[in-house]
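Coordinate analysis (summary)
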Protein chains: 2
Amino acid sequence: MTKEEVIKEYRLREILEAARRVMARYGMQGTTVDRVAEEAKVAKGTIYLYFDTKDELVNTAVIEGLREMTAEVLASDDPSMPPLDRIRKLILAHFRMLASNQDFLKTLIIGNSLDIELESQHGREFMRVYAAHVDFVASVLQDAIDHGAIRRIDPQFAAFMLGEMLTGSLRRRLLKLASSPLESDAEAVVELFLKGIATIPCD
Amino acid sequence: MTKEEVIKEYRLREILEAARRVMARYGMQGTTVDRVAEEAKVAKGTIYLYFDTKDELVNTAVIEGLREMTAEVLASDDPSMPPLDRIRKLILAHFRMLASNQDFLKTLIIGNSLDIELESQHGREFMRVYAAHVDFVASVLQDAIDHGAIRRIDPQFAAFMLGEMLTGSLRRRLLKLASSPLESDAEAVVELFLKGIATIPCD
DNA sequence: CAGTCAAATGAACGTACAGTCAGTTTAGCC
DNA sequence: GGCTAAACTGACTGTACGTTCATTTGACTG
C-alpha cells in the first residue's frame, strides 16, 4: 500500500467515524452532509471526493459499523468450549458489544432508523453481513444440537430470535422501560433463551 | 355529536388512514404532505386545517395505528381460560394482528422508521400506549405465575421479550430471511418462549 | 335569490440541504 | 525557489418540500 493510499484510507475512516458520531447524536433525520463535514473537520466538498452521494456515505458508515460489531463478537468465540458454556459466553459477548455501541445502535434500534432499500446494492451488502452473523450463531447452535446439549430446534430460527432478544434488551433500556444497567439483563436472556418460561427446571 | 363534528371526525380518519397507506408504500422518508393529500383526495392546505405540522400528522397516524392494533389483541383475550392456553392464544392473536398490518408495520420494523423524540409530547403518548400493552401482557404472565403454570420470572421482562420475538418473526419475513408464511412461526415462538432451547422437554 | 361564513383549495413562499465547481492550498519533484 | 498535479475548500445553485394565505366553493338562512 502506497503512502497516498494510507492517507486516503485514514481520511475515509475519519469521515465514516464522524458520520457514525453524527448519527448517534442527531439521529438519521438530523444527519446532514454539512454536519458530518464539520464533525470530520473537512470541507463539505471533500466528502464528495470519497462518496458519490449522501446515501452512499450513510449506508457505508452503517454497514462498516455492523461489520466491526459482528467481527468483535465472532472473535470472542471459542469453539472448543462445552456447547452450553459456549452459548452463554456468546450471549455475554453480544451484551458487551451492544453496551459499547449504544449511542450508534440507538439510531438503528429506536426512532429514526436506516433507509436502506433492500433491493439495492447497499441493501444486499447490509443483508450479507447481517445474515452471515446469524449463520454464525446458528452454526454454534447446530453444534450444540449435534452434541445433544440442546433440543432439536431450527438453528436459523433460534439464532434470529436470540438476536431479537439481545437488541430487545438494549431497546428496553433506551425506551426507559428498564433502568438497571444493560449487563444485568444478560443472565435473564440466557435463562429465558435456554429454559423458556416453563415451570419445570430443565438442567 | 353534531353533524359537523361527524364530518370533521370522518375527514380526520380519512387523512390518518391515507397517511398510513403512504407510509406503507413510500416509507417514512418518502412520506410527504403532498402525497398524503393526494392519497386522501384533499388539497394540501386542508391537511393543515386538521394538523399543525407534518410531524403531528405522522406521529398521530402512527400512535393511532398502534392504539388500534393493541386494542385488537386486548379484545381477543379471555381471562377465564387456563393460563398456558391463554398465553398461547395471546401469541396467536398477536400473529394475526401482525399479519394483517404487515404493510404499515414494515415502516416501523425495518428500514426508514419513526422519528419521535422520546421526550416530546408525542413521544410520551407513544410510550404510554406501548407500555400499556406490555403491562397487559405482563399481567397475563403474572396471572400464570400466580397459578403456578409458569416459573417465577420477571413478567415485565418476559412480556417485553415476547413482544420482541413477535415483531422479530415479522422482521425475519420482511428481511427475506424466512419464506414460509408468518403464521407458521407462531407455534415455534410459543415453543421457544415456553420451553427455551433446553434439551429436556418440560410439560 | 342574495347574503353569510366556515371549509377547502392550490399557487406562492421560504428554507434546509444535497450536490457542484472555480478557486486555493499542499506536496512532491527538479 | 519555481512548476505541476492532486487534494481540498466553501460559496453557490437547484430543488424538494413544509407551511401560509388570498381566493373560491358550497351549504345554510331568511
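Bear in mind the structure is a predicted one, so any value in this text is a computation, not a measurement. (Residues numbered from 1 in each chain as written. Chains lettered and ligands numbered in written order. Predicted model: local features only at pLDDT ≥ 70, side-chain atom pairs only at ≥ 80, totals over all residues. Heavy atoms only, no water.)

1. What to know about the confidence of the model for chain A
This prediction gives chain A a mean pLDDT of 91; 94% of its residues lie at or above 70. Mean pLDDT across the elements of chain A ranges from a minimum in helix H1 (residues 3-26) of chain A, with 89, to a maximum in helix H2 (residues 33-40) of chain A, with 98. (pLDDT = per-residue confidence, 0-100. Helix = DSSP H or I, 4+ residues; strand = E, 2+ residues; numbered from the N terminus.)

2. Brief notes about helix H8 (residues 155-174) of chain B
Residue and element names in this part refer to chain B. A rise of 1.5 Å per residue sets the reference length of H8, with its 20 residues, at 28 Å; its end C-alpha atoms lie 29 Å apart and thus fit the reference within 8%. Of all 20 residues in H8, 17 are buried; the element is thus mostly enclosed. Two or three places before Gln156, at the start of H8, stands the capping residue Asp154, its side-chain oxygen 3.1 Å from that residue's backbone nitrogen. Looking one or two places after H8, you find Lys176, whose phi comes out positive at around 65°. (Expected span 1.5 Å × (residues − 1). Buried < 20%, exposed > 50% of the residue type's maximum accessible area, 1.4 Å probe, protein only. Polar contact = N/O pair within 3.5 Å; in protein donor to acceptor, adjacent residues only side chain to side chain.)

3. Brief notes about the relation of the copies chain B and chain A
When chain B is fitted onto chain A, the two copies agree to an RMSD of 0.0 Å after a turn of 180° and an axial shift of 0.0 Å. Viewed as a symmetry operation, the transformation between the two copies matches a two-fold axis. Of the C-alpha atoms belonging to chain B, the one lying closest to the rotation axis is found on B:Gly196, 1.9 Å away. Same-surface contact between copies: 100% of interface residues of chain B are shared with the interface of chain A. (Least-squares fit on C-alpha atoms with pLDDT ≥ 70 in both. Contact = heavy atoms within 4.5 Å.)

4. Here's the deal with the protein's contact with DNA strand D
Taken together, 17 residues are adjacent to DNA strand D, and A:Arg11, A:Ala43, A:Thr46, B:Tyr48 and B:Lys54 come closest. Sugar plus phosphate: this is where 64% of the atoms of DNA strand D within 4 Å of the protein reside. At 2.2 Å, a side-chain N or O of A:Arg11 approaches a phosphate oxygen of DNA strand D. Between a phosphate oxygen of DNA strand D and a main-chain N or O atom of B:Val33, the distance comes to 2.9 Å. Of all elements in the fold, only H1 and helix H3 (44-50) of chain A together with helix H3 (44-50) of chain B reach the threshold of two or more residues within the surface near DNA strand D. Looking at the surface near DNA strand D, the element that brings in the most residues is H3(A), giving 5 residues. Partitioning the surface near DNA strand D into residue classes produces 6 nonpolar, 5 polar and 6 charged. (Near = heavy atom within 4 Å. Nonpolar A, V, L, I, M, F, W, Y, C, P; charged D, E, K, R; others polar.)

5. A look at the pattern of salt bridges
Going through the model one piece at a time under the given rule, you end up with 34 salt bridges over all chains. A salt bridge links A:Arg67 to A:Glu64, with the shortest nitrogen-to-oxygen separation between them at 3.4 Å. A residue pair is termed a helical-turn pair when its members lie 3 or 4 positions apart in one helix, as A:Arg67 and A:Glu64 do in helix H4 (residues 54-75) at 3 residues. Across the pair B:Lys195 and B:Glu191 runs a salt bridge whose closest N-O atoms are separated by 3.3 Å. Taken together, the residues B:Lys195 and B:Glu191, both in helix H9 (residues 184-195) and 4 residues apart, mark about one turn of the helix. Members of the salt-bridge network, linked through shared partners, are A:Glu64, A:Arg67, A:Glu125 and A:Arg128. (Salt bridge = Lys/Arg side-chain N within 4 Å of Asp/Glu carboxyl O.)

6. With respect to empty space enclosed by the protein
Residues and elements named next belong to chain B. Following the criterion strictly, the structure yields 1 cavity of 30 Å³ or more and no others. Of the pockets and cavities examined, the largest cavity occupies roughly 40 Å³. Lining the largest cavity, in full, are Ser76, Asp77, Asp78, Met81, Arg86, Lys89 and Leu90. The class makeup of the residues in the lining of the largest cavity is 2 nonpolar, 1 polar and 4 charged. (1 Å grid on protein atoms, 1.4 Å probe; cavity = no way out; pocket = protein on both sides within 12 Å on 5 of 7 lines; lining within 4 Å. Points joined across faces, edges and corners; volume = space filled by probe spheres on them.)

7. Describing the interface of chain B and chain A
Each partner contributes residues to the interface: chain B has 49 residues there, and chain A has 49 residues. Each partner contributes to the roughly 4300 Å² buried at the junction of chain B and chain A, and carbon and sulfur atoms together form 63% of this total. In terms of surface lost to chain A, no three residues of chain B exceed B:Arg151, B:Phe157 and B:Ile197, which account for 18% of the buried area on that side. Our count for the contact surface shared by chain B and chain A stands at 6 salt bridges. Where chain B packs against chain A, one counts 4 residue pairs in polar contact (both at pLDDT 80 or more). For the side of chain B that touches chain A, the elements supplying multiple residues, two or more each, are helix H7 (121-146), H8 and H9 of chain B. Looking at the side of chain B that touches chain A element by element, the count peaks at 11 residues for H8(B). Broken down by class, the residue content of the side of chain B that touches chain A amounts to 27 nonpolar, 10 polar and 12 charged. (Buried area = accessible area lost by both parts, 1.4 Å probe.)

8. Overview of the domain arrangement of chain A
Residues and elements named next belong to chain A. Taken as a whole, chain A is organised into domain 1 (1-51) and domain 2 (54-195). At the junction of the two partners, domain 1 supplies 17 residues and domain 2 supplies 18 residues. Carbon and sulfur atoms make up 73% of the area that domain 1 and domain 2 hide from each other, which totals about 1400 Å². Between domain 1 and domain 2 we count 1 salt bridge in total. Note that Glu68 and Arg20 form a salt bridge whose closest N and O atoms lie 3.8 Å from each other. One can count 2 residue pairs in polar contact (both at pLDDT 80 or more) joining domain 1 with domain 2. The set of elements that each furnish at least two residues to the side of domain 1 that touches domain 2 consists of H1, H2 and H3. The biggest single contributor to the side of domain 1 that touches domain 2 is H1, with 8 residues. (Domains from an automatic or database assignment.)

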